[in-house]
Amino acid sequence: MSSITLRGLTKRFGSVAAVSSLDLEIREGELVTLLGPSGCGKTTTLRLIAGLELPDAGEVLFGDRPVTRLPPERRNVGIVFQSYALFPHMTVWQNVAFGLEMRRESPRVIRERVGAILERVQLRGLEQRYPHQLSGGQQQRVALARALVMNPAVLLLDEPLANLDAKLREDMRFYIRQLQRDVGITAVYVTHDQAEAMVLADRIALMRDGCLQQIGSPEEIYRQPRNVWVAEFIGLSNFIPGTVAGSRDGQLVVRTAAGTFTCTGRVEVGREVLICVRPEALHFGESHPNRLRGTVRERVFLGNLFDYRVEGPGGLHLRVQADPSQALPPGGNVTVSFDPSAAWAVDAGEV
Amino acid sequence: MGGLQETWAGRAGVSAPVRLPTWLLIAPTLVLLAVFFFVPYLNVLRMSFLVKPPVGPYLPEFTLTNYARALLDPFHWRVMYRTFWLAGLTTALTLVIAYPLAYHLSCAPPRRRRWLLMLLLSPLLVSVVVRGFAWMILLGRVGLVNLAVQRLAGHELVLIGTPTAIVIGLVHVYVPFMALAIAGALQNIHPDLVQAARSLGATPWVAFWRVVWPLSLPGVQAGTLLVFVLAVSSYVIPILLGASNVLVMPMLIVQTLLDAFNWPLGSALSMVFFGLTAAVIALYLRLLARAMRWTRA
């Protein structure tokens, strides 16, 4: 187990930079998810850490050990592929034992370690099966066992749950999280599913066009997005455009077409901003200090909540998600209010 | 099942699409094989047990003399041995040449792969007879190969009329078949598998031997079987490049049937040859089956 440091990592495919001067620090025992839309360079980053690709520039370090130029077989990484990549001509046991055999461990050590890890992932009794005789979830666990049995320095997971059905995917998220905690291994997890990233990650590294957009805990990323793109990518958000008129008690005063609001943020006075307010942070009634008047245009029942479209002053369109106990009819006039702590201003120029 | 559905559909007054059993798809092939292969073969089998009269093809009397002659003549065994040896060598060399070719083909990007495939298959546009003649010219006394050898080594090399020439010709003809069969299997191997092996500590070479090679065995099996069967029964290339010096079973059988006009003995030789070929193939499949257990689990 060791930390991972990426310094100025760059990888080009032809004229396209899949990853450009990426700096990232992953602490020992931490699970970081690389999250982003397809083509953002998250998988390439993982492959660079694994040694399956070599960078055009930059460095990869495991702890203090530079591994930038090492081939994958000398990095001591465990990889779990989206396709699982189980060897179809080997049994479960042979699959898991493969790496230890490559390391020329004694038969006794192999027997003990393979047995122990199969116990851990609850695959005892299936040792003699071939991969195609297993369910998707079982194959997934074989892949995990095969990577973990090597006691790798880092565990790399490339969308490992993408091929499972929704229910199982949900269970496996918690399973992988628990396993990673128990083993205490440093892990990098690539996904394009933000819910998955939220559940799993100690920190989320959000990537776009080969660049890191923001890194932070799921809460930080959700509550304090660094720019509009991050706010849009993670969850739903309303954006109210305005100008920072001043700051008071560590809060910003923003003048907008719909009125003047106080909110939080790290923007200087005078800048054009967008106030991000999540749909669940908007409330009907005057319970919170920031208030605006609007008309309900549409109402959709989502089971656990009502999803409203509200038209505010100055052509502002807001989404409000509210408790289904109070059902407001479309066409009615309403007051919408929100708390300054739930409103986060981002610089409109920073996209 | 189909019948039941039709009845129900009929009762409900709905016209359901007529579902024919899928075995009908192979019916044309079966009929063709039955008329032009099984029946003639049964006839050959029957003839092999009939008496050869001094005049005429055969008498309808049962005898085992033909088999006695076919099996007891050491000359026949020498020809048989030579035939299998040449076919085996051809198969092995074809495999060695075609495997890297197939590997390259399966790794190539789609556009490039199409071009390479056309290149690989282009020799099939020229008849085997013509290609046989081309090799006769190339390998002949004043052919390109011999001229080069004379320049370099200073003496003449006799190729035409030797087993070497036959093997060269056969390998040339069969490489595309082998390469296609293997490329098919290689393309089915997910690239992640090699990378997984690498990440588990295997060098590229070890990853090939432990992962790619075993997984390509179905293709290797198909290719080697195809080439062996074709090579063991080849006739044109051995005649042209062996210059009737090197006798193989198909030639011997044709000679017995046509030149010696001994249909019963020719038939018996055919049956023995068939039986031995089948036995060799069965043995080979048995050996391979151990390495391919996973395909049947």
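Quick caveat, the model's predicted, so the values are computed rather than measured.

A. Seen up close, the overall build of chain A. Across its full length, chain A holds 8 helices and 20 strands. The dimensions of chain A, computed from C-alpha atoms along their principal axes, are 75 × 45 × 35 Å. Expressed as a percentage of the 351 residues in chain A, the buried residues total 44%. Contacts in chain A between residues far apart in sequence, at least 24 positions, make up 65% of those at least 6 positions apart.

B. Region of the structure containing the overall build of chain B. Helix and strand counts for chain B come out as 13 helices and 2 strands. For chain B, whose C-alpha radius of gyration is 25 Å, the value lies well above the compact-globule estimate of 19 Å for 297 residues. Its C-alpha atoms put chain B at 70 × 65 × 35 Å along the principal axes. Per-residue burial over chain B gives 29% buried out of 297 residues. Within chain B, contacts between residues at least 6 apart in sequence are counted, and of these 70% link residues at least 24 apart.

C. Molecular detail of the pairing of strand β17 (residues 306-311) of chain A. Residue and element names in this part refer to chain A. Here β17 shows one buried face, formed by Phe 306, Tyr 308 and Val 310, and one open face, formed by Asp 307, Arg 309 and Glu 311. In the sheet, strand β16 (residues 290-301) pairs with β17 via 6 bridges, with the strands oriented antiparallel. Bridging from a neighbouring strand, Val 296 pairs with Val 310 of β17. Hairpin connection between β16 and β17: a loop of 4 residues separates the two successive antiparallel strands, and Gly 303 in this loop has a positive phi of roughly 90°. Alignment of β17 against strand β18 (residues 317-322), held across 6 bridges, turns out to be antiparallel. Within β18, the residue paired with Tyr 308 across the bridge is Val 320. The hairpin turn running from β17 into β18, its antiparallel successor, is 5 residues long, and Gly 314 in that turn takes a positive phi close to 70°.

D. Region of interest: the sheet that holds β17(A). If you trace the 5 strands from one edge of the open sheet to the other, you get β15-β19-β16-β17-β18 (chain A), paired in antiparallel fashion. Since the sheet does not close on itself, it has two edges, and those belong to β15 (283-284) and β18 of chain A, each with one partner.

E. Local environment of the environment of Phe274(B). All names here are of chain B. Within the secondary structure, Phe 274 sits in helix α13 (residues 263-291). Take Phe 274: there are 15 C-beta atoms within 10 Å of it, and that puts it in the partly exposed class. For the pair Phe 274 and Ser 233, spaced 41 residues apart in sequence, the C-alpha to C-alpha distance is 9.8 Å.

F. Representation of the nonpolar core in the model. If you look at the biggest cluster of nonpolar residues, it comprises 114 residues, and the most contacted ones within it are Ala145(A), Leu156(A), Val188(A), Ala205(A), Ile275(A) and Ala345(A). Sort the elements by how many residues they give to this core and helix α4 (residues 136-148) of chain A lands first, with 6 residues. Not counting the four nearest positions on each side in its chain, Leu156(A) is found in contact with Leu46(A), Ile49(A), Ala50(A), Val77(A), Gly78(A), Ile79(A) and Val188(A). Grouped together as the second largest cluster of nonpolar side chains are 47 residues, Tyr99(B), Leu139(B), Val167(B) and Leu170(B) included.

G. Seen up close, the interface of chain B and chain A. In this assembly, 17 residues from chain B lie in contact with 20 residues from chain A. Per element, the largest residue contribution to the side of chain B that touches chain A is 6 residues, and it comes from helix α9 (residues 191-199) of chain B. Taken together, the residues of the side of chain B that touches chain A sort by class into 10 nonpolar, 5 polar and 2 charged.

H. Quick look at the sheet that holds strand β2 (residues 16-26) of chain A. Taking strand neighbours across the sheet as the criterion, the 4 strands line up as β2-β1-β4-β5 (chain A) in an open arrangement whose pairing is antiparallel. Each edge of the open sheet carries a strand with a single partner, namely β2 and β5 (65-66) of chain A.

I. Molecular detail of unusual backbone geometry. Positive phi is not limited to glycine here, since Ser21(A) has a value of about 30°. Note that Ser21(A) resides in strand β2.

J. Looking closely at helix α10 (residues 204-232) of chain B. Compared with the 42 Å implied by 1.5 Å per residue over 29 residues, the 36 Å span of α10(B) between its first and last C-alpha is markedly short. The sharpest bend along α10(B) reaches about 45° and sits at Leu217(B), with the proline Pro218(B) one to four residues further on.

K. Spatial organisation of the confidence of the model for chain B. Residue and element names in this part refer to chain B. Scored by pLDDT, chain B has a mean of 90; 95% of the residues are at 70 or more. Taken as a whole, residues 1-12 scores under 50 in pLDDT and shows 9 contacts with residues more than four places along the chain or in a different chain. Prediction confidence for the complex, expressed as pTM and ipTM, is 0.83 and 0.82 respectively.

L. Geometry of helix α2 (residues 27-47) of chain B. Compared with an ideal rise of 1.5 Å per residue, which puts 21 residues at 30 Å, α2(B) spans 28 Å between its outermost C-alpha atoms and is within 8% of the ideal. Here α2(B) lies mainly on the outside; 1 of its 21 residues are buried.

M. Focus on the packing of helix α4 (residues 74-107) of chain B against helix α8 (residues 163-187) of chain B. All names here are of chain B. Close contact between α4 and α8 brings their axes to 6 Å; oriented N to C, the two are set at 40°. One element, α4, and the other, α8, form an angle in the oblique class. Considering only the axes of α4 and α8, their crossing is right-handed. Taken together, the residues of the contact of α4 with α8 break down into 23 nonpolar, 4 polar and no charged.

What counts as what
The residue numbering used here restarts from 1 in each chain and proceeds along that chain's sequence as written. In the order they appear in the text, chains get letters beginning with A and ligands get numbers beginning with 1. Only residues with pLDDT of at least 70 are given local features in this predicted model, and only at 80 or more are side-chain atom pairs given and counted; all residues enter the totals for whole chains, interfaces and linings. Starting at the N terminus, helices and strands are each numbered in turn, a helix being any DSSP run of H or I of at least four residues and a strand any DSSP run of E of at least two. Once C-beta atoms are placed from the backbone, each residue is buried if 20 or more other C-beta atoms lie within 10 Å of its own, exposed if 12 or fewer, and partly exposed for counts between those two. Two residues form a contact once the distance between their C-beta atoms, set from the backbone, is within 7 Å. Only the C-alpha atoms count toward the radius of gyration. The rule for a globule is 2.2 Å times the residue count to the power 0.38. Two strands pair if DSSP finds at least two bridges between them. The term nonpolar core refers to a group of buried residues, namely Ala, Val, Leu, Ile, Met, Phe, Trp, Tyr and Cys, whose C-beta atoms join them within 7 Å. Here the nonpolar group is Ala, Val, Leu, Ile, Met, Phe, Trp, Tyr, Cys and Pro; Asp, Glu, Lys and Arg are the charged ones; every other residue, Gly included, is treated as polar. The span expected for a helix works out to 1.5 Å for each residue beyond the first. Given a residue, its bend is the angle between the two axes fitted to the seven residues that end at it and to the seven that start from it. pLDDT measures how confident the predictor is about each residue, on a scale from 0 to 100. For helices, the fitted line uses only the C-alpha atoms of the stretch in contact; every axis is such a line through C-alpha atoms, and the angle between N-to-C directions lies from 0 to 180 degrees. Angle categories are assigned with fixed cut-offs, so that under 35 degrees is roughly parallel, over 145 is roughly antiparallel, 65 to 115 is roughly perpendicular, and the rest are oblique. The sense of a crossing depends on the near helix, which, turned anticlockwise from the far helix by less than a right angle, makes the crossing left-handed and, turned clockwise, makes it right-handed.

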